[in-house]
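Structural characterization, general
Listed here are the chains, written in short residue letters.
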Amino acid sequence: RIDMKTKQPNGYIFYRGASQIDGQPIVAVAIRGSANSKTGNMVQTYILPDNGLSPFINAKNGNDKTVCGDCKHKPTKGKTCYVFLPQGANQVHKGVMQGSYPESLEDASIMCTNRVNRMGAYGNPSAVPTPVWEQLNKYTTGHCSYEHNWLDELGKFDPSIMKYSMASVDSEEEYHLAKDKGYRTFRVKAFEDRILPNEIVCPASEEMGKKVQCINCKLCSGNTIKAKDIVINVHGRSKNKFKGITVATV
């Protein structure tokens, strides 16, 4: 797959090796651009189990633990994951299987030069070693990143990734747990729930009139910046299932 404007590959494999979550093989791919209306034309990275099966099948069978950890939103748990697997993730998997993406962290890093990187369009950034992300982000103008594995239920979490990532939280209880660990947060709330004193509403959200895209906002950059925490109303295909999965398990 070649980008006809640049005559370059549409993406690169920037990591292929053991998942930092459970040690199983994964492949991480940086895709050159996106038509996502919320994020804007950011580099999109996908973190996939490297077992020959599609993300959809892995999620159905519970093998997504390799890239999703014990996330309560998985199809085998709360069924509230915002990622629609038959689209981006499955298409990237097909590209991997077809050999469409050269394997080069250096070339992926160059592709990200003067771009904004969306770390983990699918998959938890913590599955990939932090030094790999540091190299990938070396020449970027910013990034957005969300981490659902910060609760460390599996006992193998490397907190250094939280330099880059927002702790994804779904309740006030989880918010305070994450703040006690020193993380900035991105909280999904029910419409009727309150906004906490150190939170601001996501500027790219529907409730804020989508006044800016993520590519220009860049507030969801973990502890690389000093800013308030972000909150957004529950949204997406599975928003009606949000109630009942918002209690932390630790």
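These lines cover the structure that appears in this document, whether it is placed above or below. This one's a predicted model, so the numbers in the text were calculated from it and none came from an experiment.

Focus on the pairing of strand 5 (residues 43-49)
Of all seven residues that make up strand 5, seven are buried, and the element is covered over most of its length. Burial of the side chains of strand 5 extends over both faces: Val43, Thr45, Ile47 and Pro49 are buried on one face and Gln44, Tyr46 and Leu48 on the other. In terms of strand pairing, strand 4 (residues 25-31) meets strand 5 through six bridges, oriented antiparallel. Residue Val29 lies in a different strand from strand 5, and its bridge partner there is Tyr46. Relative to strand 6 (residues 116-122), strand 5 runs parallel, the two being bridged by three bridges. Across the sheet, residue Tyr46 finds its bridge partner in strand 6, namely Tyr122.

What to know about the packing of aromatic side chains
Note on aromatic pairs: each is described by the distance of the centres and the angle between the planes. All told, the structure shown has three aromatic pairs when counted by the stated rule. Ring centres of Tyr146 and Phe186 lie 4.9 Å apart, and the angle between their planes is 70 degrees; this geometry places the pair in the edge-to-face category. Of this pair, Tyr146 sits in strand 7 (residues 142-147) while Phe186 sits in strand 9 (residues 185-189), placing them 40 residues apart in sequence. Relative accessible area serves as the criterion here: at 18%, Tyr146 is assigned to the buried category. Summarising the aromatic geometry, the rings of Trp150 and Tyr183 are spaced 6.5 Å apart at their centres and angled 80 degrees between planes, so their arrangement reads as edge-to-face. Of this pair, Trp150 sits in the loop between strand 7 and strand 8 (166-169) while Tyr183 is found in the loop between helix 6 (172-180) and strand 9, placing the two residues 33 residues apart along the sequence.

Focus: the environment of Met208
With respect to the secondary-structure elements, Met208 resides in the loop between strand 10 (199-201) and helix 7 (214-217). It is 9.4 Å that separates the C-alpha atoms of Met208 and Ile232, two residues lying 24 residues apart in sequence. Apart from the residues within four sequence positions on either side, Met208 is in contact with Val201, Cys202 and Pro203.

What about the nonpolar core?
Ranked by size, the top nonpolar core spans 47 residues in total, and within it Phe14, Tyr122, Val128 and Trp150 carry the most contacts. When residues in this core are grouped by element, the largest group, six residues, is from strand 4. With near-sequence residues (within four places) excluded, Val128 lies in contact with Phe14, Tyr15, Gln20, Ile26, Ala28, Ile47 and Trp133. One finds Met42, Cys144, Tyr146 and Ala204 within the second-largest nonpolar core, a separate group that totals 14 residues.

Looking at the pattern of salt bridges
On inspection of all chains with the given rule, the structure shows nine salt bridges. A salt bridge links Arg16 to Asp50, with the nearest nitrogen and oxygen atoms 2.9 Å apart. With Arg16 in strand 3 (residues 11-18) and Asp50 in the loop between strand 5 and helix 1 (55-61), this pair connects stretches of sequence that are 34 residues apart. Classification of Arg16 by relative accessible area gives partly exposed; the value is 38%. Taking the relative accessible area as the measure of exposure, Asp50 reaches 23% and is therefore partly exposed.

Scoring rules and cut-offs
- Residues numbered from 1 in each chain as written.
- Predicted model: local features only at pLDDT ≥ 70, side-chain atom pairs only at ≥ 80, totals over all residues.
- Heavy atoms only, no water.
- Buried < 20%, exposed > 50% of the residue type's maximum accessible area, 1.4 Å probe, protein only.
- Helix = DSSP H or I, 4+ residues; strand = E, 2+ residues; numbered from the N terminus.
- Pairing = 2+ DSSP bridges.
- Phe/Tyr/Trp six-rings, centres within 6.5 Å; stacked < 30°, edge-to-face > 60°.
- Contact = heavy atoms within 4.5 Å.
- Core = buried A, V, L, I, M, F, W, Y, C linked by side-chain atoms within 4.5 Å.
- Salt bridge = Lys/Arg side-chain N within 4 Å of Asp/Glu carboxyl O.

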